[in-house]
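Structure assessment
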Amino acid sequence: MVSIRRSVSAFVAVAIGVTLVAAATLLLASGRPQVPDRLARAAVVVQSPEAGASADSFVPTRPWSATATAGLVGRLAALPGVAAAVPDRTFYAQPLIDGRPAASDTHEGHGWSSAQLGGLRLTNGEPPRRPGEVVVGRALGLRTGAPVTLLTAVGAESYTVTGLVDGPGVHVADEVAATLAPGVRAIGLVLAADADPERVATAARGIVGTDGRALTGDARGALEPRNDARTRWIGMQVLTATAALAGFVTVFVVASTFAFTIAQRRRELGLLRAVGATGRQVRRMVYGEALVVGASGGIVGLLVGGGLAPLLGWLLVDAGFEPSTFRVTYEPWPVALSLVAGPVISLLAVWSASRRAARVRPLEALREAAVEQRPIGRLRVATGALLVAVGVALSVGTATADEARVAGQYALYAVMALVAGATVLSPAVVGPVVRLLRSPVRRRGGAIGMLVRGGALTATRRTASTAAPVLLTVAFAVLVSGMVRTTTAAYAAGRADNVNAGWIVLPDRAPGLSEQAVAATGGTALLPTTVFRTDPGTAPADRPLTALGVDPAGFAAANRALTVVAGSLDDLRGDDTVVVTASANLRPSEPYAVVFADGTLVSLRVVAVVTDASLPGDLLVPRAVVRTHDPSALTSTVYVPDRIAPPVGARIVDVATWAAEADAAEDRLVWLFTLLLIGVSAGYGAIAVANTLLLAAAGRAADLRLIRMAGATRRQVVWLVTAESALVVLIGALLGGAVAFVGLLSIRAGLAEQVGAPVDLVVPWSVVAGVVGLCLLLAVLASVLPTWRSLRHRPARSSVGVAG
């Protein structure tokens, strides 16, 4: 028979877990790429071919050249049902308003023909027809005929506003756009009213063949801006990790709760066995209780999670984990998954407890009702040892991983395995830990300390079950926060050590620096662009790479990490030379063919090979080569020896600030993600600690009244319960800290190998103290309040006391 009082903590844990799973999966299902507004009226969009890259690289597709684009546009426009085939050219153009770059949603410029792909309408004026004319969004507050300065890759240029449209963006004459963006990645097809998009798309695929793909409907979401795609991917990682952690922690907490409940019900289970119940029947009864708790908690969690999903979606957009186009939609599969999650989580969690309940013998249970002291079984020891071994092996993998992301994943899995192993073995560990603390407890606690120590040593299973949530909470809080802070500090220090400069000039409210701004600094600049590697015998592009346009002498002087293993950096000149890293497996004088941003295939000649750690990219080419093939490329960084007055659209910082800010946006998202994970684990831990101690306090009411009858005051009993709660939290915190420390040591070793320098271990003690303090506060409240209530009346003197 299900006991409401005993099942409430498991119900709460399942309900919260399914709430998180339901909300996270609903948000995941809603996280599909959105069709860009600027292409919304193009029923069919032909996209240039994708380059082979990992899912989280977010590089653009390989562009078509001007010649290939012209041929494709002509053939696509001739298809039946196509009213217009418009190449969508995108380049950097940002208006200056009151001498400063305008808001971030106006970074992109397009040819005027692209306006029809998004359904933009002129609200005033006329289209741009000549160089120097521009149409802008009316939200900028400009008037037709007014002059406006546009920041482009070349620098600040004067234009005249000829018209206003009802949307964001900058539109210039088509011939100007063709000069600024010779490479094209999308051709939008505007169809006649009676045309079938799928039929037109099929015909378009026959034209482009393997040199692109035709997209219709929601598939056009593949053309969303790369920044939006990256933000959406980050949000998916956050939601996936939250759902996985919620499931893991829910199983953990519910298992701990059921284990504690089974330990309290040994007398009841023993009586059932005494009247003829078999072990299978007892196990079936426990499974039935778990199924009821899981099903009811799952339904409640689904309703709450579904209701919270829109609010959480808004918070994700506000925090930067989802783009502004994100909208919550309700799909069937998250609902089905959430309904199944509750019962499945409960059944998984109760498996171990049901086996223990089935092994209870009638006389053993009656005898152990007063004193619980049974060593853990061999199977449990073997399972715990195996989990610890897996955790250690994953920790070794963390220390030897080549990438920080892989190391972080290994570390998280390692801590999961070590937490599970420590929990399984915790009854055997409680005794040694309590004995280790025996001396200070005896010196300061007196009789209360003796009772606390004796109770913990006598009921090791109860102590371990209560300490398990604290162990989990502290382990994840220490690991995740320490990993983020250690990694951030290590990479910032390594980045600063590699730069030989006094100051760094960076973009200010702009995505990059123009040629005009770079010339005003007089420093050493990095001009990045994306190129596409073509291997002999393969069609036509293989993988995207980051090429840096540099002045070789200035780059060599500013880069302390530069190590040449073959050839000479001085030979990087002309329009056909390249410097590659050792991982390219090439030698000087060998050919190196790449496709540039204008879609042109160029065969370069290797003049030098450097170590992989020498470059903040994949290869070096002369700066003039990047500018020739990518007219809209922007400089990311300029190294200068002395502080200067920054030009328009730029700011200047010292090297340490630059190193710390290099990944500031990503670090902010990572830290928010960290706090979210800590909040999930800490919330669960706090709930589990509170519920477990509430059950313990209710079950020990008779024992506490006996202590009162023996002469203890009400305050002394409360102090006893408080000390017991503090000891449990201390044991959990020590075990959790030890588990996390193993993971952090392996992470530090891996980082030291990656950056090639010693790495300091950074632990944010404020986060750790907050988590432990929360667990301690709730543990004390959950044990003291019911104890104080149960001891409101002084007990009658016992017959022994009267006789005396």
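Predicted model, so just to flag it, every value in this text is computed and none were measured. (Residues numbered from 1 in each chain as written. Predicted model: local features only at pLDDT ≥ 70, side-chain atom pairs only at ≥ 80, totals over all residues. Heavy atoms only, no water.)

1. Side note on the overall build of the protein
Cut-off, in case you're wondering: A run of H or I in DSSP becomes a helix once it reaches four residues, and a run of E becomes a strand once it reaches two; helices and strands are each numbered from the N terminus. Relative accessible area decides the class of each residue, using a 1.4 Å probe on protein chains only: under 20% of the type maximum gives buried, over 50% gives exposed, and in between gives partly exposed. The criterion used for residue contact is that any of the two residues' heavy atoms lie within 4.5 Å. Each accessible area is a Shrake-Rupley result for a 1.4 Å probe, and residues are judged covered by the shown protein chains and nothing else.
If you tally the helices and strands in the protein, you get 23 helices and 23 strands. Burial status across the protein gives 50% buried among its 804 residues. Across the protein, every contact between residues at least 6 apart in sequence was considered, and the portion connecting residues at least 24 apart equals 81%. Surface summary for the protein: the accessible area is close to 35700 Å², and the carbon and sulfur share equals 60%.

2. Some details on the packing of helix H7 (residues 266-274) against helix H8 (residues 279-319)
Packed helices, taken two at a time, are described by the angle their axes make and the gap between the axes. Here is the rule we go by: Working convention: axes come from line fits to C-alpha atoms, limited for helices to the stretch in contact. Angles between N-to-C directions cover 0 to 180 degrees. Convention used here: angles under 35 degrees read as roughly parallel, angles over 145 as roughly antiparallel, angles from 65 to 115 as roughly perpendicular, and any remaining angle as oblique. Two helices cross in a left-handed way if the nearer one is turned anticlockwise from the farther one by less than a right angle. They cross in a right-handed way if the turn is clockwise. We call Asp, Glu, Lys and Arg charged. Ala, Val, Leu, Ile, Met, Phe, Trp, Tyr, Cys and Pro are nonpolar, and the rest, Gly among them, are polar.
Two numbers describe how H7 lies on H8: the axes approach to 10 Å, and their chain directions differ by 135°. Classified by the angle their axes make, H7 and H8 are oblique. Helix-helix and strand crossings are classified by hand; for H7 and H8 the assignment is right-handed. On the side of H7, the interface is formed by Leu-269, Leu-272 and Arg-273, while H8 contributes Gly-279, Val-282 and Met-285. Among the residues making up the contact of H7 with H8, the classes are represented as 4 nonpolar, 1 polar and 1 charged.

3. Re the pattern of salt bridges
This is how it is decided: Every case where a carboxyl oxygen of Asp or Glu lies within 4 Å of a side-chain nitrogen of Lys or Arg is listed as a salt bridge.
This model, assessed by the stated rule, comprises 13 salt bridges. When the shortest N-O distance is used, the salt bridge between Arg-130 and Glu-133 registers 2.7 Å. One network of salt bridges, in which partners are shared, links Arg-38, Asp-88 and Glu-108.

4. Brief notes about the environment of Leu-302
Among the secondary structure elements, Leu-302 is positioned in helix H8. Each C-alpha atom of the pair Leu-302 and Leu-337 lies 9.6 Å from the other, and the pair is 35 residues apart in sequence. In this structure Leu-302 touches Val-18, Ala-22, Val-335, Ser-338 and Leu-339, once residues within four positions along its chain are discounted.

5. Thoughts on the side chain of Ser-514
Checked against the element boundaries, Ser-514 lands in the loop between strand S14 (503-507) and helix H15 (515-521). In this view, Ser-514 contacts Thr-152, Ala-153, Val-154 and Gly-155; residues no more than four positions away in its chain are not counted.

6. A few points about the sheet that holds strand S12 (residues 186-191)
Keep this limit in mind: In this scheme, strands are said to pair when DSSP sees at least two bridges between them.
Strand order in the open sheet made by the 4 strands is S2-S12-S1-S13, with antiparallel pairing throughout. Each edge of the open sheet carries a strand with a single partner, namely strand S2 (82-87) and strand S13 (213-216). This sheet shows a mean twist of 25° between the axes of neighbouring strands, independent of strand direction. As judged from the 5 bridges shared by S2 and S12, these two strands associate in the antiparallel manner. Each bridged residue has a counterpart across the sheet, and for Ala-84 the counterpart in S12 is Val-190. The strands touched by helix H2 (residues 66-77) are strand S1 (44-47), S2 and S12; relative to S2, the strand with the most contacts, the crossing angle is about 165°.

7. What about H7?
Heads up, the rule is: The arc under discussion is defined with respect to the helix axis, by the directions toward the C-beta atoms.
Residues Arg-266, Leu-269 and Gly-270 constitute the buried set of H7. Projected down its long axis, H7 shows its buried positions confined to an angular sector of 100°, all on one face. Of the residues trailing H7, Gly-276 is marked for its positive phi of about 115°.

8. A look at the packing of aromatic side chains
Quick reminder of the rule: Aromatic pairs are defined between Phe, Tyr and Trp rings, using the six-membered ring for Trp, whenever the two ring centres lie within 6.5 Å; interplanar angles under 30 degrees are classed as stacked, those over 60 as edge-to-face, and all others as tilted. In this analysis the charged atom, NZ for Lys or CZ for Arg, is taken to sit over a ring once it is within 6 Å of the ring centre and within 35 degrees of the ring normal.
Under the defined criterion, the tally for this structure stands at 1 aromatic pair. Measuring from centroid to centroid gives 6.4 Å for Tyr-639 and Trp-658, while their planes differ by 90°, and the two rings are edge-to-face. Of this pair, Tyr-639 sits in strand S22 (residues 637-640) while Trp-658 sits in helix H18 (residues 655-661), and the two are 19 residues apart along the sequence. Here Tyr-639 matches Trp-658 in class, with each residue buried. The ring of Tyr-592 is capped by Arg-533, whose NZ or CZ atom sits 4.0 Å from the centre of that ring. Lying across the ring of Trp-503, Arg-643 places its NZ or CZ 4.8 Å from the centre.

9. A closer look at H8
One turn of the α-helix equals 3.6 residues, which is why residues spaced by three or four share an orientation. How we decide: A helix is expected to span 1.5 Å for every residue after the first. Two axes enter the bend calculation: one fitted to the seven residues ending at the residue in question, the other to the seven starting there, and the bend is the angle between them.
Compared with an ideal rise of 1.5 Å per residue, which puts 41 residues at 60 Å, H8 spans 52 Å between its outermost C-alpha atoms and falls more than 12% short. The largest bend along H8 measures about 40° and falls at Ala-309, with the proline Pro-310 one to four residues further on. Of the residues trailing H8, Gly-320 is marked for its positive phi of about 95°.

10. A few points about the nonpolar core
The test is simple: Side-chain atoms within 4.5 Å link the members of a nonpolar core, which is a set of buried Ala, Val, Leu, Ile, Met, Phe, Trp, Tyr and Cys residues.
Of all hydrophobic cores here, the largest spans 69 residues; its most connected members are Val-254, Phe-258, Phe-321, Val-419, Val-739 and Leu-744. A total of 12 residues in this core trace back to one element, the largest contributor, which is helix H14 (residues 460-497). Setting aside anything within four residues of it in sequence, one finds Val-254 in contact with Ala-10, Ala-13, Val-14 and Ala-349. If you look at the next biggest cluster of nonpolar residues, it comprises 23 residues, including Val-550, Ala-558, Val-610 and Val-655.

11. Considering the packing of H2 against helix H5 (residues 197-208)
Running from N to C, H2 and H5 point in directions that differ by 145°, and their axes come no closer than 10 Å. At the point where H2 passes H5, the crossing takes the right-handed sense. In this structure, H2 contributes Leu-72, Arg-75 and Leu-76 to the contact, and H5 contributes Ala-204, Ile-207 and Val-208. Of the residues that constitute the contact of H2 with H5, the class distribution is 5 nonpolar, no polar and 1 charged.

12. Here we look at unusual backbone geometry
Its identity is not glycine, yet Asn-585 carries a phi of approximately 60°, on the positive side. For Asn-585, the position within the fold is in the loop between strand S18 (577-581) and strand S19 (591-595). Judged by relative accessible area, Asn-585 falls into the exposed class, the value being 67%. A positive phi angle, near 85°, is found at Ser-589, a position not held by glycine.

13. Focus on the environment of Val-208
Within the secondary structure layout, Val-208 lies in helix H5. Owing to a relative accessible area of 6%, Val-208 belongs among the buried residues under this scheme. Separated by 136 residues in the primary sequence, Val-208 and Leu-72 have C-alpha atoms spaced 7.4 Å apart. When neighbours within four sequence positions are excluded, Val-208 is seen to be in contact with Val-46, Leu-72 and Arg-213.

14. So, a positive patch on the surface
To be explicit about the condition: Like-charged residues within 9 Å of one another, or nonpolar side chains (Val, Leu, Ile, Met, Phe, Trp, Tyr) within 5 Å, are grouped into patches, provided each residue has over 30% relative accessible area and no salt bridge. We count Lys and Arg on the positive side and Asp and Glu on the negative side, and we leave His and both chain ends out. To locate a charge, take atom NZ for lysine, CZ for arginine, CG for aspartate or CD for glutamate.
Judged by side-chain charge, Arg-280, Arg-283, Arg-284 and Arg-359 come together as a positively charged surface patch. If you trace the backbone, Arg-359 turns up in the loop between helix H9 (332-358) and helix H10 (362-368).

15. Let's talk about the confidence of the model for the protein
As a reminder of what qualifies: One number per residue, pLDDT, summarises how confident the predictor is, and it ranges from 0 to 100.
For the protein, the mean per-residue pLDDT works out to 80, and 82% of the residues sit at or above 70. For the stretch residues 537-541, pLDDT sits under 50, and the model shows 6 contacts to residues farther than four places along the chain or on other chains. In the predicted structure, residues 798-804 sits below a pLDDT of 50 and forms 2 contacts with residues beyond four places in sequence or in another chain.

16. Details of the side chain of Arg-623
Following the sequence through the fold, Arg-623 ends up in helix H17 (residues 623-629). Residues in contact with Arg-623, not counting those within four places in the same chain, are Glu-515, Val-518, Ala-525, Leu-526, Leu-527, Gly-549, Val-550 and Thr-635.

17. Some thoughts on the environment of Leu-569
By the secondary structure assignment, Leu-569 is in the loop between strand S17 (564-567) and S18. On the basis of relative accessible area, Leu-569 is assigned to the buried category, the value being 7%. The residues touching Leu-569, leaving out its near neighbours within four places in the chain, are Pro-552, Ala-556, Leu-562, Val-579, Ala-608 and Leu-620.

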